Amino acid sequence: MVLSVENLSKSFGKNLVFHDISFSVGKGEIVCIRGKSGEGKTTLLRCLTSLEIPDKGTIKINNKYLCKEENNAIKYAQKKELQAIRQEIGLVFQNFNLFPHMNVMENLMEAPLFLKKDSYANIRKRALELLKSLELEGKEDSYPFQLSGGQQQRVAIARACMLNPSVLCFDEPTSALDEETRGQISKIIRYLASAGIAIIIVTHDNAFVDEIAQRIITMKDGEITIENQ
């Protein structure tokens, strides 16, 4: 399995968000996580992407521990290994979180250049290939405010793909999109899955879930149920 979650729990003070949940996601699989507001869907994504620290349990990516429970405490991988493991899982935020002072090309190249993933020329080549595959040719020098919501989202997807993740998480990818753009995002997600990326989608959009999910995880009262489509 690309991603394995075992006995994961998270609380904020006395507020239990989820307790003792386990699931896995395979290569090229599309898994949707749904549930009412406040059930912990986004918190779970934040735990998977190291933006939030769980209270208990383990998270493995490509059979390497991102974090595990030792002596009743969460322990993350050593610094160098942790950086490499974190690069295996990307997140496309609901509000895209593009850097407003950077153009499209700068947004895409920032992280791989900082991490010294490759030469400038190769990183730029990779960015141009992604922009072409996402129908964003000619937008390299545009700034986020000059783009439509759908274009911003595709830039955010391209940016998340720049580090070649094994897992890609989406937080409410259709929340502010019209029907046509929603269809484009659906097509892109299927394309990414066909390339072998494991996809995790948090969404309130039940129609989108029915359209795209291979497995559905429903969060309710701190627990999950899993069903195959």
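About the criteria used
Residues numbered from 1 in each chain as written. Predicted model: local features only at pLDDT ≥ 70, side-chain atom pairs only at ≥ 80, totals over all residues. Heavy atoms only, no water. Phe/Tyr/Trp six-rings, centres within 6.5 Å; stacked < 30°, edge-to-face > 60°. Lys NZ or Arg CZ within 6 Å of the ring centre and 35° of its normal. Pairing = 2+ DSSP bridges. Helix = DSSP H or I, 4+ residues; strand = E, 2+ residues; numbered from the N terminus. Salt bridge = Lys/Arg side-chain N within 4 Å of Asp/Glu carboxyl O. Buried < 20%, exposed > 50% of the residue type's maximum accessible area, 1.4 Å probe, protein only. Core = buried A, V, L, I, M, F, W, Y, C linked by side-chain atoms within 4.5 Å. Axes fitted to C-alpha atoms, helices over the stretch in contact; angles between N-to-C directions. Contact = heavy atoms within 4.5 Å.

Participant: Mind showing me how you'd approach the packing of aromatic side chains here?
Facilitator: Aromatic rings in a pair are described by how distant their centres are and how their planes are angled relative to each other. According to the stated counting rule, one finds zero aromatic pairs in the structure shown. Above the ring of Tyr 65, the side-chain terminus of Lys 68 is found at 4.7 Å from the ring centroid. Sitting over the ring of Phe 99, Arg 159 keeps its end group 5.4 Å from the ring centre.

Participant: Is there a simple way to think about the pairing of strand S2 (residues 15-25) in this case?
Facilitator: Where a strand is regular, its side chains alternate between the two sheet faces. With seven bridges connecting them, strand S1 (residues 3-12) and S2 associate as antiparallel partners. Bridging across to S2, Lys 10 finds its partner in Phe 18. If you look at the hairpin formed by S1 and S2, you'll find two residues sitting between the two strands, and Gly 13 has a positive phi there, around 65 degrees.

Participant: Explain the pattern of salt bridges here, please?
Facilitator: If charged atoms from side chains of opposite charge come close, those side chains can pair. As enumerated under the stated definition, the model contains nine salt bridges in all. Across the pair Arg 182 and Glu 211 runs a salt bridge, and its minimum N-O distance is 3.6 Å. Taken together, the residues span a long stretch of sequence, with Arg 182 in helix H6 (residues 179-194) and Glu 211 in helix H7 (residues 206-212) at a distance of 29 residues. Given a relative accessible area of 11%, Arg 182 falls into the buried group. Beyond isolated ion pairs, a larger network of salt bridges with shared partners links Glu 179, Arg 182, Arg 190, Asp 205 and Glu 211.

Participant: Quick question: what am I supposed to make of the nonpolar core here?
Facilitator: Considering soluble globular proteins, one finds that nonpolar side chains tend to be buried as a cluster. Counting residues in hydrophobic clusters, the biggest one holds 39 residues, and the most contacted among them are Ile 157, Leu 168, Phe 170, Ile 189, Leu 192, Ile 199 and Ile 201. Listing elements by their share of this core, those giving two or more residues are strand S3 (30-34), helix H3 (104-114), helix H4 (120-133), helix H5 (149-161), strand S8 (167-171), H6, strand S9 (198-202) and H7. Of all the elements, H5 adds the most residues to this core, at six residues. In terms of nonpolar packing, the next biggest core, distinct from the first, is built from 34 residues, Phe 23, Leu 48, Leu 91 and Ile 217 among them.

Participant: What is the right way to read the sheet that holds S8 from this model?
Facilitator: The strands making up a sheet are joined through hydrogen bonds of the backbone, oriented either antiparallel or parallel. Read from one edge of the open sheet, six strands run S7-S8-S9-S3-S10-S11, paired in mixed fashion. Two strands lie at the open edges of the sheet, namely strand S7 (89-92) and strand S11 (223-228), each paired on one side alone. Strand-to-strand twist across the sheet, computed as the mean angle between neighbouring axes with direction ignored, equals 20 degrees. Note that S3 and S9 share four bridges and pair parallel. Its bridge partner being in S9, Ile 30 is matched across the sheet by Ile 199. Its contacts with the sheet put helix H1 (residues 41-48) on S3, S7, S8, S9 and strand S10 (215-220), and the angle it makes with S9 is roughly 145 degrees.

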